[in-house]
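Understanding the architecture of this molecule
What follows is the residue order along each chain.
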Amino acid sequence: GSNSANKGTSTYKYGSITVPAKDGSVCNAPNYIAYEKGFFKQNGIKAKLVANPRDISDLEAGFASGKYDAQNGDFQYLPAIQNGAQIKAAGGIHQGCIKLLVPKNSKINNVKDLRGKTIGIPAQGSTPQYVTSIALQHAGIDPKKDVTWKVYSTDLLAKAAQKGEVDAIGTVDPYAYQAQKQNGFKTIIDNNNASGNAKQAAMGMKKQGSCCYLYISNKLINNDTPKAKAIVKSYQEAAEWINKHPEQTAKIELSKGYVSKTKFINVKNVSEILRTERFHLNLKKGKSDLSYYIQQLKEAGYLKKNTNNKQLLKQAYWNPKMN
Amino acid sequence: MQASGKQERKLLQQHERERKYWKKWSVGWNVFSVVTLVVAYLENALLATRETVDNTYYHWFLIAYIAYLVIVYVVGQVTHGGVRSYSGHFAQLNSSIGILLIVQDLITEKFAIMELPFFVSFAQILQQIHEDAKLLWESTLSSLGLWAISFVVGTLIGVVLGLLMGRYRQFNYWAFPYLKVIGIIPAAAWMPLTMVIFPTSYLAEIFLIAFSVWFPVAFMTIGGVQGISKDYFESAKTLGFSEAQIVRKIVIPGALPSIFIGIFTAMGLSFTMLVISEMIGAKVGLGWYINWAKGVGNYTQVYAAIVIMALLFSIIFAIFSKVQARLLRWRENGN
Amino acid sequence: MQASGKQERKLLQQHERERKYWKKWSVGWNVFSVVTLVVAYLENALLATRETVDNTYYHWFLIAYIAYLVIVYVVGQVTHGGVRSYSGHFAQLNSSIGILLIVQDLITEKFAIMELPFFVSFAQILQQIHEDAKLLWESTLSSLGLWAISFVVGTLIGVVLGLLMGRYRQFNYWAFPYLKVIGIIPAAAWMPLTMVIFPTSYLAEIFLIAFSVWFPVAFMTIGGVQGISKDYFESAKTLGFSEAQIVRKIVIPGALPSIFIGIFTAMGLSFTMLVISEMIGAKVGLGWYINWAKGVGNYTQVYAAIVIMALLFSIIFAIFSKVQARLLRWRENGN
Amino acid sequence: MSLLEVNNVNRVLTDNNGAQVNVLQNINFDVQQSEFVSLIGPSGCGKTTLLRLISGLDRPEGGTVKVKDELVTKPDASRGYVFQHGSLFPWETIRDNIAAGLRVTQGRHFDKQLVDRYIALMGLQGFESAFPHQVSGGMAQRAALARSIIMHPELLLLDEPMGALDAFTRADIQNVIYRVWQQTKTTMILVTHDIDEAVYLSQRIIVMTPRPGQIKQIVTNPLPYPRQRTSDDFLKFRQTIQDLLDFGSHDQLVTDSKEKAK
Amino acid sequence: MSLLEVNNVNRVLTDNNGAQVNVLQNINFDVQQSEFVSLIGPSGCGKTTLLRLISGLDRPEGGTVKVKDELVTKPDASRGYVFQHGSLFPWETIRDNIAAGLRVTQGRHFDKQLVDRYIALMGLQGFESAFPHQVSGGMAQRAALARSIIMHPELLLLDEPMGALDAFTRADIQNVIYRVWQQTKTTMILVTHDIDEAVYLSQRIIVMTPRPGQIKQIVTNPLPYPRQRTSDDFLKFRQTIQDLLDFGSHDQLVTDSKEKAK
Ligand SMILES: Nc1ncnc2c1ncn2[C@@H]1O[C@H](COP(=O)(O)OP(=O)(O)OP(=O)(O)O)[C@@H](O)[C@H]1O
Ligand SMILES: Nc1ncnc2c1ncn2[C@@H]1O[C@H](COP(=O)(O)OP(=O)(O)OP(=O)(O)O)[C@@H](O)[C@H]1O
Ligand SMILES: [Mg+2]
Ligand SMILES: [Mg+2]
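An unreviewed UniProt entry lists chain D under the name ATP-binding cassette domain-containing protein, with Secundilactobacillus folii given as the organism.

Under an unreviewed UniProt entry, the name given to chain B is ABC transporter permease subunit, and the source organism is Secundilactobacillus folii. Turning to chain B, the UniProt record has this under Sequence similarities (unreviewed entry): "Belongs to the binding-protein-dependent transport system permease family."

This is the structure:
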């Protein structure tokens, strides 16, 4: 704990929560910071950070059985929520970290060139697949028919592209950032459109669209709303802090062992990634983003054809009504 | 007692059957097993369902099952051959399956004691299989192909290494310490390396599955070779066998029982690795399908894939058992 | 021949040693193995390194290795006990390790023929282990604890089920078909269900690992029990043994050799499952560490964890082998 | 009252071809307390089958087996059984094997002195902590005898306990059995192929016919103990039994019925 | 020229206690073409050891074994060896077992008629496609004999091929061996414990002493073939051998040296 942590009440008003966060990823920063900078503690929560199974169904089971309480994750959970996952998003937490990349000397220059190509993704139903699909739809390409998806674990995607097994890869930071910087991969799609790039916008990449969301288990929302709110508040404060102190955040991530150091994963690069992601718990925009994605995913065929957008949004989103 | 005549072979088969199918033919159990399945049908058809599900495919399944039972029972009643032994033996087990079907239907669909999404009824799984039939069929073929290649490769490597280590202690000295350590490296750790080493990800997948197979097979083979009585080797030598002939005529058949144990043990593991390996570069496949279903939290799909895998496994297991029984028929107790 | 006297036991031990450590004591090989390691040291120290690495720990490792070899060789030279047999036997293997160390150093660090991040030198792994010493230590302890509990639970369940299925054919009839199918369900498919079923994620982790253990153990145990000569059962009956005594005095010891085979086979698998299961709810652990390191593609850490796991595995393997040799000393060929 | 009464015993088994075979037909005999009786007959005639019925390991299809007027229904420690290969438990030391039965009846605190006495009686000193595979076949067979005899059975059933031993060791074990019988007066039934052995040891010899196993004749052995194998009387009585067994001509290669039947 | 010459053969082995033991000391004898010689001696005296040296499975520490004036260095098909338990390959049928050696020397197109002839000669018709565990011990032993004899070895070494059989089956196999010897005139060396057997079959009997194994005496059997086991001459000669073996008193329980030595 740091100084600010000691300012909070010594007893934990809301008891403890378990957060599956320790997976070594950079953009899980709000979890680490809320913990390390004492935001959880200040809000009366004793948090326990544990391994992150990454696999949605495992996460879902953890939430449903009360083993996990909160997490920041991608909008890829929408189909899972439609399938009955007992979690809700409570606002976007940062902007894009997802990109579609092609190797240095690839002939692919824009989304239209992707027709008939093979695209590597970390998993079927992963956010990179969804982001790419949205862009493909905007370019008039059917993501289910006109391209081939191939699955590789995240750390091997760049390698697969270099070996020519796939033509493009949908991937996430810091892998995406590293592939760009070290191997000269070119960006075709970037869901981080903070700058309001028109070309990206044409592909359906919203300006300031949230990429990751804060998720809280339904159990908690329904049975202990104040506690859920306290969680929201902790993340809110943590996000603001990160946005203000990307460098310090990077230092904490690397020195406290949340993110493993490598030659590339150093303070400079990590703070750069954090800076571009613009951390901020955006409650209102989060809802509209989610609504947008529901529509897009439905069109792309990842949600059921008969999806009632409004109902799914209600099922997937919780407005904590923070004052 | 064995004799050359056809007649006697037939009697021998009957005796073998009696050893294997020891539960006596019983009209009572036969009827009961059909009754449980009819009850399963009625219960499902008549009770109100709490969950959204199309029970048509479940009904067809039950009807097919009942029809199958009725046919084998009628055949068993009028004949005295294998069908009678087989169906008589499994009547009780069939009854238990009928009861299980009723119970699972009640606690999921009917009373929702165990709920969606984690617990689904068998009817829902069948519905899912029907919905995804084409994808599942492709996936099954693709996985089966991948598995078969990998399993053969892994078994061959395991057998060859096992034979070498079992027979030549110099080879054992050099290879065993390294192989032992390599053998425990978890697949997850292998994945990056295999990607780099193998030119295509299909080869990498084959490697990962084969890798899970060769270790138990080699391990058992070593033991099998070392367990062969040295009398056989000496007999062979006094009959003028060369080393190659000894390996072919003594070492391999002598180690075969152990090799089979290794193969059976490796089977379960190879299915686990199939799911893991299809995470690199697969476009389709049962493992891919499971991972995909897990990615969108559709457990019904996960279970659908498992049902198919279980079926596949049972078939493969049965085939291997048959092959084993045939190749090891020289053993006293058959298997 | 066995006798009660201490003297004779000692001679017996020596004989046993000769069976196991059959490579003769050879000054040549001893010197050669030390030389290879010295060369490995010099090569590393003198040649320019292409990659950023702190070779200090590698040097310490080599020095310790050399010191160890020199000590056991000196002891072996002047005594005639176990040390001599052991170190004489393994001199050649040690030489091969020395050569391997030189080769890997050259192709990674020195000439970068195989490059980062997928290929790292042993020196880099040691450096990583030193850097993460505390975390790795905690992880090792945590994983060891989890593994030990799970392995014991899995083995017990496997042995009990195996004994029941092997001894009681009614039990076998009812349990085997179901267990066979359950046994192949891939862990990945189990994970969500275990999370839902078990109250804590630690229990879920235990389940996943134990699950990978019980199948091979049960499978082998069945075979072991069925392989016990019925003479022993009949002798026991004519001596007035009750069923419980038969199980304790005949079934268990008679199946023990097979149970050990099952345990050894399950070990590799259980390590794989350790890595997978630590993805749910672990705060620390070797499997968690591997997954964590893969979060940014830090393969050096992955390999560091593997080196530790391999070491752990070797130690556990050695302990199990000792226990096995002790418990099965009644067998003709010792193991 | 006889110790053992075998009345009209029949045993019908399904052979490997699925056919019903009368293995034993109408077997009748009694054995008196402390008597030594041998069962002799060609291979496959049902000697083992009969012994198993007496021990209670199997039940007859017809007739009764009674010991002290009680029907035998299952094996117990009062009827010892020594198998051809001894069937010592390979995972227990010689001492533990010998004590195995005592441990069951007397529990943890069984009579250890008794075990020591039997170890000495059988000449097994120095091998107490050896495992069965570490001792010779003769010693293993002595230990197997000790394991049964130590239980002080009413009746000791010996199924060719020397069949797998070489001629010299066989003679040694025969003497062990003789000595034990002399000392303990345990009633014994010995199944054997070896006419010498039967003549050397037993008071009565039951000669059986090939399948279906029936009793051909029960011969009382007139020779006084201790017997001399090389005495003329011995050789003459031996010849009587040999003739009874109709151990015919050796001049042709026969695949005889006993082998076809196995 | 003798077929087999054993000259000053010594065999030194390390026993389980790590001590050096002279198992065979200074063994000298010759065997002529077509001769039938038996080796008899107490258990552990080194009979098997000697036979293994002759076959080439082991090499002596001192002395030479020569067949047709050539030093024996490794086993080959010209010296057949039949083990006590036959050692038929359990995974091959009786027919394939008998043909095993032929397949090696003659390849895939071995003389199938020859195999049939031997199956008939051994009385194994009807059991050609049975596996070893499906036939009786006697039949298995006949098949093992056939497997060796079919190779027309110069010298057939028989290591107690009847030791594990019952008395009746044993007599049957003895006749098989006798008949084969009569018909093929193959030189045979038979190791046995059974004095009857040695006397019944062999022209000369080599009697060995207990450890260290030495030749006590080589006795020529004066009896003409075919021999009658019950003839007086037979019994008398049997007694001669028995005396030579000094098969002493049975009045005490001895843990004799052979058993300690095992
Ligand atoms: N479980 C069984 N099922 C069918 N037939 C059997 C069974 N046990 C024994 N037999 C048959 O019963 C007959 C008698 O067998 P048994 O073992 O009693 O003979 P035996 O006189 O003891 O022979 P041996 O002297 O070879 O031991 C044999 O023909 C045998 O094949
Ligand atoms: N490999 C070996 N190492 C040490 N000692 C051995 C070895 N083989 C045999 N012996 C010893 O050599 C002696 C002779 O053994 P061998 O088997 O030749 O006797 P045998 O006359 O054939 O006995 P049996 O009649 O019991 O078969 C025995 O004392 C035995 O313990
Ligand atoms: Mg018998
Ligand atoms: Mg011998």
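1. Thoughts on the pattern of salt bridges
Residues and elements named next belong to chain A. The full count for this structure, using the stated rule, is 39 salt bridges over all chains. Asp 146 is paired through a salt bridge with Arg 115; the nearest N and O atoms lie 3.2 Å apart. Residue Asp 146 is found in the loop between helix H6 (127-138) and strand S7 (148-151), and its partner Arg 115 is found in the loop between strand S5 (98-102) and strand S6 (118-121); the two are separated by 31 residues along the sequence. When its relative accessible area of 24% is taken as the criterion, Asp 146 is described as partly exposed. Assessed through its relative accessible area of 47%, Arg 115 is described here as partly exposed.

2. Comments concerning the packing of aromatic side chains
Within this structure, the stated rule accounts for 88 aromatic pairs over all chains. For the pair Tyr 177 of chain A and Phe 264 of chain A, a centre-to-centre distance of 5.8 Å together with 55° between the ring planes defines the contact as tilted. One end of the pair, Tyr 177 of chain A, is in helix H8 (residues 175-183); the other, Phe 264 of chain A, is in the loop between helix H12 (246-255) and helix H13 (267-277), and 87 residues separate them in sequence. Classification of Tyr 177 of chain A by relative accessible area gives buried; the value is 12%. On the numbers, 5.4 Å between centres and 80° between planes, the contact of Trp 330 of chain C with Trp 91 of chain D is edge-to-face.

3. Observations concerning the packing of helix H6 (residues 133-167) of chain B against helix H12 (residues 286-295) of chain B
All names here are of chain B. Relative orientation of the contacting elements H6 and H12 amounts to 130°, with a least axis distance of 7 Å. The orientation of H6 with respect to H12, classified from their angle, is oblique. Of the residues in H12, those in contact with Leu 135, Leu 136, Ser 139, Thr 140 and Ser 143 of H6 are Leu 286, Gly 287, Trp 288, Tyr 289 and Trp 292. Across the contact of H6 with H12, the residue classes tally to 6 nonpolar, 4 polar and no charged.

4. Topic: the environment of Tyr 21 of chain C
Residue and element names in this part refer to chain C. By secondary structure assignment, the location of Tyr 21 is in the loop between helix H1 (6-20) and helix H2 (27-46). Here Tyr 21 falls in the buried class, since its relative accessible area comes to 18%. Sequence separation between Tyr 21 and Gln 245 is 224 residues, and the spatial gap between their C-alpha atoms is 39 Å. Among all residues touching Tyr 21, those that are not within four sequence positions of it are Ser 85, Tyr 86, His 89 and Phe 90.

5. With respect to the nonpolar core
Formed by 436 residues in total, the largest nonpolar core has its most connected members in Ile 216 of chain A, Ile 250 of chain B, Ile 250 of chain C, Leu 145 of chain D together with Leu 145 of chain E. Among residues more than four places away in sequence, those in contact with Leu 145 of chain E are Val 82, Met 122, Leu 156, Leu 158, Ile 173, Val 176 and Ile 177 of chain E.

6. Details of the UniProt feature "transmembrane region" (unreviewed entry) in chain B
Residues and elements named next belong to chain B. Listed under "transmembrane region" (unreviewed entry) in the UniProt record, and renumbered for this structure, are residues 21-42, 57-76, 88-107, 144-166, 178-200, 206-229, 250-276 and 302-321. A helix fraction of 100% and a strand fraction of 0% characterise residues 144-166, whose end C-alpha atoms lie 31 Å from each other. Along residues 206-229 the backbone is 88% helical and 0% strand, and the end-to-end C-alpha distance reaches 36 Å.

7. Observations regarding the site of ligand 2
Residues and elements named next belong to chain E. Inspection of the region around ligand 2 gives 15 residues, with Ser 43, Gly 44, Lys 47, Thr 48 and Thr 49 positioned closest. In this structure, His 193 approaches ligand 2 through a side-chain N or O atom, which is 2.9 Å from an oxygen atom. For ligand 2, whose free accessible area comes to 630 Å², the fraction covered by protein is 69%. Elements represented by at least two residues in the shell around ligand 2 include exactly strand S1 (4-14) and helix H1 (47-55). Sort the elements by how many residues they give to the shell around ligand 2 and H1 lands first, with 3 residues.

8. Some details on the confidence of the model for chain B
Residue and element names in this part refer to chain B. Scored by pLDDT, chain B has a mean of 88; 93% of the residues are at 70 or more. The spread of mean pLDDT over the elements of chain B runs between helix H1 (residues 6-20), the lowest at 61, and H6, the highest at 95. Below a pLDDT of 50 lies the segment residues 1-6, which in the model reaches 21 contacts outside its immediate sequence neighbourhood of four places, other chains included.

9. Structural notes on a nonpolar patch on the surface
Residue and element names in this part refer to chain B. The grouping of Val 27, Trp 29, Val 31, Phe 32, Val 35, Val 39, Ile 99 and Val 103 at the surface amounts to a nonpolar patch, some 630 Å² of accessible area in total. Elements that contribute at least two residues to the nonpolar patch include exactly helix H2 (27-46) and helix H4 (82-110). Among the elements that line the nonpolar patch, the one with the most residues is H2, at 6 residues. Structurally, Val 27 is set in helix H2. Val 27 sits in the partly exposed class, given a relative accessible area of 45%.

10. Remarks on the sheet that holds strand S4 (residues 87-95) of chain A
Residue and element names in this part refer to chain A. Spatially, 3 strands are ordered S3-S10-S4 in an open sheet, and the strand pairing comes out antiparallel. Each of the sheet's edge strands pairs with one partner strand only, and the pair in question is strand S3 (70-74) and S4. Direction aside, neighbouring strands of the sheet carry axes that sit 30° apart on average. Bridging between S4 and strand S10 (residues 210-217) involves 6 bridges; their strand directions are antiparallel. From the neighbouring strand, Ala 89 faces S10, where its bridge partner is Tyr 215. The sheet contacts of helix H11 (residues 225-244) involve S3, S4 and S10, and relative to S10 the element is tilted by about 150°.

11. Examining the packing of H2 of chain B against H4 of chain B
Residues and elements named next belong to chain B. For the pair H2 and H4, the least separation of the axes is 8 Å and the interaxial angle reads 15°. One element, H2, and the other, H4, form an angle in the roughly parallel class. The element H2 and its partner H4 pack so that their crossing is left-handed.

12. Looking at the interface of chain B and chain E
On the chain E side, the residues contacting the 26 residues of chain B number 27 residues. Summed over both sides, the interface of chain B with chain E buries roughly 2400 Å², with 64% coming from carbon and sulfur. Our enumeration of links across chain B and chain E arrives at 2 salt bridges. Taken together, the links from chain B to chain E amount to 3 residue pairs in polar contact (both at pLDDT 80 or more). Those elements that place two or more of their residues in the side of chain B that touches chain E are H1, helix H10 (230-238) and helix H11 (243-277) of chain B.

13. Here's the deal with the site of ligand 1
Residue and element names in this part refer to chain D. In the vicinity of ligand 1 there are 15 residues, among which Ser 43, Gly 44, Lys 47, Thr 48 and Thr 49 approach most closely. A distance of 2.8 Å is found between an oxygen atom of ligand 1 and a side-chain nitrogen or oxygen belonging to Lys 47. In isolation ligand 1 offers 640 Å² of accessible surface; the protein chains occlude 68% of this area. Listing elements by their share of the shell around ligand 1, those giving two or more residues are strand S1 (4-14) and helix H1 (47-55). Among the elements that make up the shell around ligand 1, the one with the highest residue count is H1 (3 residues). Split into classes, the residues belonging to the shell around ligand 1 amount to 4 nonpolar, 7 polar and 4 charged.

About the cut-offs
Counting of residues starts from 1 at the beginning of each chain's written sequence and follows it residue by residue. Each chain gets a letter, beginning with A, and each ligand a number, beginning with 1, in the order they are written. At least 70 in pLDDT is required for a residue's local features to be given in this predicted model, at least 80 for side-chain atom pairs to be given and counted, and no such filter applies to totals for whole chains, interfaces and linings, which use all residues. Side-chain calculation: all heavy atoms of the structure are included, whereas hydrogens and water are not. UniProt positions are given in the numbering used here, feature names are shortened, and annotations may be inferred rather than shown by experiment. Counted as salt bridges are all cases of a side-chain nitrogen of Lys or Arg within 4 Å of a carboxyl oxygen of Asp or Glu. Numbering of helices and strands starts at the N terminus; helices are DSSP runs of H or I of at least 4 residues and strands are runs of E of at least 2. Here the term buried applies to any residue with accessible area under 20% of the maximum for its type, exposed to any over 50%, and partly exposed to those in between, with areas from a 1.4 Å probe on protein chains only. Put simply, two rings from Phe, Tyr or Trp (the six-membered ring, in Trp's case) pair if the centres are within 6.5 Å, and we call them stacked under 30 degrees between planes, edge-to-face over 60, tilted for the rest. All axes are obtained by fitting lines to C-alpha atoms, using only the stretch in contact for helices, and the reported angles, taken between N-to-C directions, cover 0 to 180 degrees. Roughly parallel means an angle under 35 degrees; roughly antiparallel means over 145; roughly perpendicular covers 65 to 115; every other angle is labelled oblique. Residues are treated as being in contact if the distance between any of their heavy atoms lies within 4.5 Å. For this scheme, ten residues count as nonpolar: Ala, Val, Leu, Ile, Met, Phe, Trp, Tyr, Cys and Pro. Four count as charged, namely Asp, Glu, Lys and Arg, and the remainder, Gly too, count as polar. Nine residue types can take part in a nonpolar core, namely buried Ala, Val, Leu, Ile, Met, Phe, Trp, Tyr and Cys, and a core is a set of them joined through side-chain atoms within 4.5 Å. Nearness here has a simple test: a residue counts as near a molecule or strand if at least one of its heavy atoms is within 4 Å of that partner. Pairs of N or O atoms are called polar contacts if they sit within 3.5 Å, as long as, within protein, a hydrogen donor faces a hydrogen acceptor (for residues adjacent in sequence, only side-chain-to-side-chain pairs). Per-residue accessibility takes into account occlusion by the displayed protein chains alone, with areas from the Shrake-Rupley method and a 1.4 Å probe. Every residue is assigned a pLDDT by the predictor, reflecting its confidence on a scale from 0 to 100. Patch building starts from residues that exceed 30% relative accessible area and form no salt bridge, then joins like charges within 9 Å and nonpolar side chains (Val, Leu, Ile, Met, Phe, Trp, Tyr) within 5 Å. The rule for pairing is simple: two strands pair if DSSP sees at least two bridges between them. Definitions for this section: a left-handed crossing has its near helix turned counterclockwise from the far helix by less than a right angle. A right-handed crossing has that turn clockwise. Defined in terms of a 1.4 Å probe, buried area is the accessible area two parts forfeit on being brought together, summed over both.

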